[in-house]
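What follows is the residue order along each chain.
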Amino acid sequence: MLAAAVASVRLSTAATPKLAFKPVHLPPIAAAGGSPRPLSLISARPLYRQDYPFLAARAVASPAPPSATADGARPVETAAPAETARRAKIGVYFATWWALNVIFNIYNKKVLNAFPYPWLTSTLSLAAGSAIMLASWATRIAEAPNTDLDFWKALSPVAIAHTIGHVAATVSMAKVAVSFTHIIKSGEPAFSVLVSRFFLGEHFPAPVYFSILPIIGGCALAAVTELNFNMTGFMGAMISNLAFVFRNIFSKKGMKGKSVSGMNYYACLSMLSLVILLPFAFAMEGPKVWAAGWQKAVAEIGPNFVWWVAAQSVFYHLYNQVSYMSLDEISPLTFSIGNTMKRISVIVASIIIFHTPVQPINALGAAIAILGTFIYSQAKQ
């Protein structure tokens, strides 16, 4: 019986037809350059990832960390917060700079209207800033700079130009409206180009020269149509422009390689300017004139006059300090644009607060001059 069973199995096996297996020809896989390349055991993607997605999901390795991108670049998710923080910081600098400058100009004009002694007013502004920074260094709120004799020698011409520019601007503010002083001071880029060209032999592209034409034309139009024009006030603003141009030139040439932060640089500049200004202030006005003028101002204004003097002195230092600090964070082009916008804010605010009468043709001259300053900042870069 066993033999019969074995024979039966052999007969059933022989009767079953054999399955024919045909080779499968897979299509070629396109290479990175677009030309097809043959499928190999090394480069081919496992077929189960196509047919069984749930297996493919389990087989895929965990994604690389954000810092391990293919091209080595920093991922957007990581870089975006840092860039946003930097822009926010610059925005705070600009807003603070403009606000402090507007406040200073308002209080400075109030003081000069009641106490028309620009030499003492200028001295008090520098003295307040020097006292603030000395106290900051003594209390370790700010780190004192490491300076030597060479630093102070290089700073001397910068301080002389800064002193002249500061006093001249204050003289102008004492004689004319705040808005008119700043319209004329918007012509500083024209002085910069002319001084650099004729005194230093520097050459500029044609767009730079063309950009100073609306600046000069706008300032001239504003000066001719100014209702309360005063030659002393006009010349004060012009001298201030020229002095600040030389201050920038001396600063670039003499302060190269001097590793001092913007805040400490301006602090040292204020202290040296104060030393230079003091003897001239005593010679030009003197304690007797100051005492009589002070008593008159206090009698007319009251105790608020003292607060006006303190405010204009402190805010002068603060707005300059913030502007110098912003130079550590932004490009010269951004700073120039910010300076132009600052003048616009001061002009508009002073016209509103002091009710300064402005003719349409005068406003047009101011707009042309400021627009020229903006075009100059673009062409210069």
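Above this text is the structure in question.
Everything numeric here is computed off the predicted structure, so don't read it as measured data. (Residues numbered from 1 in each chain as written. Predicted model: local features only at pLDDT ≥ 70, side-chain atom pairs only at ≥ 80, totals over all residues. Heavy atoms only, no water.)

Draft legend 1. Seen up close, the layout of surface pockets. The computed volume of the second largest pocket comes to approximately 200 Å³. Together, 16 residues line the second largest pocket, and Ile347, Val348, Ile351, Ala363 and Ala366 are the ones closest to its centre. Where the lining of the second largest pocket is concerned, the elements lending two or more residues are α7 (178-185), α14 (332-354) and α15 (360-380). Top element by residues in the lining of the second largest pocket is α15. It accounts for five residues. The class makeup of the residues in the lining of the second largest pocket is 12 nonpolar, three polar and one charged. (1 Å grid on protein atoms, 1.4 Å probe; cavity = no way out; pocket = protein on both sides within 12 Å on 5 of 7 lines; lining within 4 Å. Points joined across faces, edges and corners; volume = space filled by probe spheres on them. Helix = DSSP H or I, 4+ residues; strand = E, 2+ residues; numbered from the N terminus. Nonpolar A, V, L, I, M, F, W, Y, C, P; charged D, E, K, R; others polar.)

Draft legend 2. Seen up close, the nonpolar core. Of all hydrophobic cores here, the largest spans 32 residues; its most connected members are Trp97, Trp137, Leu155, Tyr265, Leu269, Tyr316 and Tyr319. Listing elements by their share of this core, those giving two or more residues are α4 (76-114), α5 (118-138), α6 (149-175), α11 (262-284) and α13 (304-326). Excluding residues that lie within four positions of it along the chain, Tyr316 makes contacts with Phe104, Ser125, Leu126, His162, His166 and Tyr266. In this structure, Val176, Phe180, Val208 and Phe234 belong to the second largest nonpolar core, which totals 15 residues. (Core = buried A, V, L, I, M, F, W, Y, C linked by side-chain atoms within 4.5 Å. Buried < 20%, exposed > 50% of the residue type's maximum accessible area, 1.4 Å probe, protein only. Contact = heavy atoms within 4.5 Å.)

Draft legend 3. Structural context of unusual backbone geometry. With phi around 65°, Arg140 is a residue other than glycine that occupies positive phi space. Mapped onto the fold, Arg140 is located in the loop between α5 and α6. Residues other than glycine seldom take positive phi values, yet His355 does so here, at roughly 55°. Classification of His355 as exposed rests on a relative accessible area of 66%.

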